[in-house]
Amino acid sequence: MEVSLYKNIDNKIMCTACLRYCRLSEGQTGYCGVRTNVNGHLNLSVYNMPYSFNIDPIEKKPVLHMYPGADILSFGTTGCNFGCLYCQNYDMSQRRKADGVYYTPEDVVNLAMEYNTDGIAYTYNEPTIFMEYARDIGLIARRHGLINIFVTNGYETDESMKMASEFLDAMTVDFKGNGNKYFYNKYISVPSAEGIFNTIKNAVNYGIHTEITDLIIPDIGDSLDDARKMLEKIMNIAGPYIPVSFLRYHPDYKLNIPETPLNTLIAHHDLAVSMGFKYVYLGNVHEVNYENTYCPVCHSLLISRRGFYSRVTGLDSNGRCKNCGYITGIKLLRNKKLIKG
């Protein structure tokens, strides 16, 4: 399928979907494995070709401040613009060829509605590499009242983010290893995380609900100095109310390092709180005090969580704290029960 995120430069085409900006000669495929120069045009081999579907709680993305308790149709394709040595979905993401089942954009939306979900998440691999397919699905989904969520490594270009703004409601931007430059270069095959901050800025400017995750990997990606630098940049761009989740790593694919100790995650949590972030969480652990949402003003319990399930207790239907009236900005479902799970 011919797609549009590219430019013609010096008898080559330059893909503008992600910050790799791959320059492709005739017949050449980009790093992602699915965007190819065909007769001077860019072809997306995974258009209409999702590899995996699942129905997930929105908390699994994780999106914690939009529609707690929502059910989301999640899907991804093969290919990725990152080469993470610890990827949990490596069978999909590191498969650098088109594979999957045939689903048009209309088919994906129909599937989401058939299972009575509240939206669609583009996830499992990096959705930026199939941005045009996601856009075509997302526009139809919006017409049917469904939300659209990207779970992304944040390596989008300005051109890609402009397209995303046409349909995207929420993004979870996933840092790795506190954004350490050496970590990104050695374990992800990316020069640095610097471009990700521009993606966050674009998302905020476009009014896309944005949340941050950071995968903490022991010894090689758990420096609190790096975390502070990363958090300072996020604070300057998005302010103190953006949700930040520090995620426990567990060994997978080619990286055999023991899982992240809980004390390391708590240290990251406490650092972010000390810097003024109002909503800080731990993920991939089951520690109630680090999963729940509390009011930043009166500290009342707003949302209790157990794993991927939420119970809204301290918010009214407009997302205000029932105790003190603080406007949290948390968006709640209107036509379903506020309590699920």
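Bear in mind the structure is a predicted one, so any value in this text is a computation, not a measurement.

Criteria and cut-off values
Residues numbered from 1 in each chain as written. Predicted model: local features only at pLDDT ≥ 70, side-chain atom pairs only at ≥ 80, totals over all residues. Heavy atoms only, no water. Salt bridge = Lys/Arg side-chain N within 4 Å of Asp/Glu carboxyl O. Buried < 20%, exposed > 50% of the residue type's maximum accessible area, 1.4 Å probe, protein only. Phe/Tyr/Trp six-rings, centres within 6.5 Å; stacked < 30°, edge-to-face > 60°. Helix = DSSP H or I, 4+ residues; strand = E, 2+ residues; numbered from the N terminus. Pairing = 2+ DSSP bridges. Right-handed = clockwise from strand over helix to strand, strands pointing away. Axes fitted to C-alpha atoms, helices over the stretch in contact; angles between N-to-C directions. Contact = heavy atoms within 4.5 Å. Parallel < 35°, antiparallel > 145°, perpendicular 65-115°, else oblique. Left-handed = near helix turned anticlockwise from the far one by under 90°. Polar contact = N/O pair within 3.5 Å; in protein donor to acceptor, adjacent residues only side chain to side chain.

K.L.:
When you look at the pattern of salt bridges in this model, what are you seeing that I'm missing?
P.N.:
Side chains that differ in charge, positive against negative, can pair when their charged atoms come close. Enumeration according to the criterion identifies 12 salt bridges in this entry. The residue lysine 61 makes a salt bridge to aspartate 56 at a minimum N-O spacing of 3.0 Å. Each of the two residues, lysine 61 as well as aspartate 56, counts as buried. Shared partners join several salt bridges into a network, and the residues in it are Asp56, Lys60 and Lys61.

K.L.:
Is there a simple way to think about the packing of aromatic side chains in this case?
P.N.:
Aromatic ring pairs are reported here in terms of the distance separating the ring centres and the angle at which the planes meet. Under the criterion given, the structure shown has 17 aromatic pairs. Plain terms: the ring middles of tyrosine 122 and phenylalanine 167 are 6.1 Å apart, the flat faces sit at 75° to each other, and that makes the pair edge-to-face. In this pair, tyrosine 122 is assigned in strand β8 (residues 119–122) and phenylalanine 167 in the loop between α4 (158–164) and β10 (170–176), connecting sequence segments 45 residues apart. Seen in terms of ring centroids, phenylalanine 150 and phenylalanine 167 are 5.9 Å apart; in terms of plane orientation they differ by 70°. Their pairing is edge-to-face.

K.L.:
Just to check I follow, could you spell out the pairing of strand β11 (residues 209–216) for this structure?
P.N.:
Two faces belong to every sheet, and in a regular strand the side chains alternate between them. Most of β11 sits inside the fold, with eight of its eight residues counted as buried. Side chains His209, Glu211, Thr213 and Leu215 of β11 all project onto a buried face; the interleaved residues Thr210, Ile212, Asp214 and Ile216 project onto the opposite face, where all are buried too. Alignment of β10 against β11, held across seven bridges, turns out to be parallel. Paired with threonine 172 across the bridge in β11 is glutamate 211. Note that β11 and strand β12 (residues 244–248) share five bridges and pair parallel. Paired with aspartate 214 across the bridge in β12 is phenylalanine 246. Each parallel crossover has a hand, and the one from β11 via helix α7 (residues 224–238) to β12 is right-handed.

K.L.:
Sorry, what's going on with the sheet that holds β10 here?
P.N.:
Strand pairing in a sheet relies on backbone hydrogen bonds. The paired strands run either parallel or antiparallel. Taken in spatial order, the eight strands make up an open sheet running β6-β7-β8-β9-β10-β11-β12-β13, and their pairing is mixed. Of all strands in the sheet, those bounded by a partner on one side alone are β6 (52–57) and β13 (280–283). Geometrically, the sheet is characterised by an average inter-axis angle of 25° between neighbouring strands, direction not taken into account. Of the pairings in the sheet, the one linking strand β7 (residues 71–76) to β8 comprises four bridges and is parallel in character. By the bridge assignment for β8, isoleucine 72 is matched with glycine 119. On top of the sheet, helix α6 (residues 194–205) reaches β10 and β11; it is set at about 165° to β10, its chief contact.

K.L.:
Teacher, can you tell me more about α6 here?
P.N.:
An α-helical segment advances 3.6 residues per turn. Residues three or four places apart therefore align on the same side. Among all positions in α6, only Ile196, Phe197, Thr199, Ile200, Asn202 and Ala203 are buried. The elements touched by buried residues of α6 are α4, β10, α5 (181–187), β11 and α7. In the stretch just after α6, glycine 207 is the one whose phi turns positive, near 75°.

K.L.:
So what exactly am I meant to see when it comes to the sheet that holds strand β1 (residues 6–9) here?
P.N.:
Read from one edge of the open sheet, three strands run β1-β2-β3, paired in antiparallel fashion. The sheet is open, and its two edges are formed by β1 and β3 (23–24), each paired on a single side. Relative to β3, strand β2 (residues 12–15) is paired through two bridges, and the arrangement is antiparallel. In the sheet register, isoleucine 13 faces β3, and the bridge partner there is leucine 24.

K.L.:
So what exactly am I meant to see when it comes to the packing of α6 against α7 here?
P.N.:
Helix packing for two helices is described by the angle between their axes and how far apart those axes are. Packing of α6 against α7 brings their axes to within 9 Å, and their N-to-C directions diverge by 25°. Classed by the angle they form, the pair α6 and α7 counts as roughly parallel. Both α6 and α7 take part in a crossing whose hand is right-handed. Each of Glu194, Phe197, Ile200, Lys201 and Val204 in α6 lies in contact with α7, whose residues at this interface are Met230, Lys233, Ile234, Ile237 and Ala238.

K.L.:
Quick question: what am I supposed to make of the side chain of asparagine 153 here?
P.N.:
Residue placement: asparagine 153 occurs in the loop between β9 (147–152) and α4. For asparagine 153, a relative accessible area of 3% translates into the label buried. A distance of 3.0 Å separates a polar atom in the side chain of asparagine 153 from the backbone nitrogen of tyrosine 155. The contact partners of asparagine 153, leaving out residues within four places of it in the chain, are Asn81, Phe82, Glu126, Asp174, Lys176 and Ile196.

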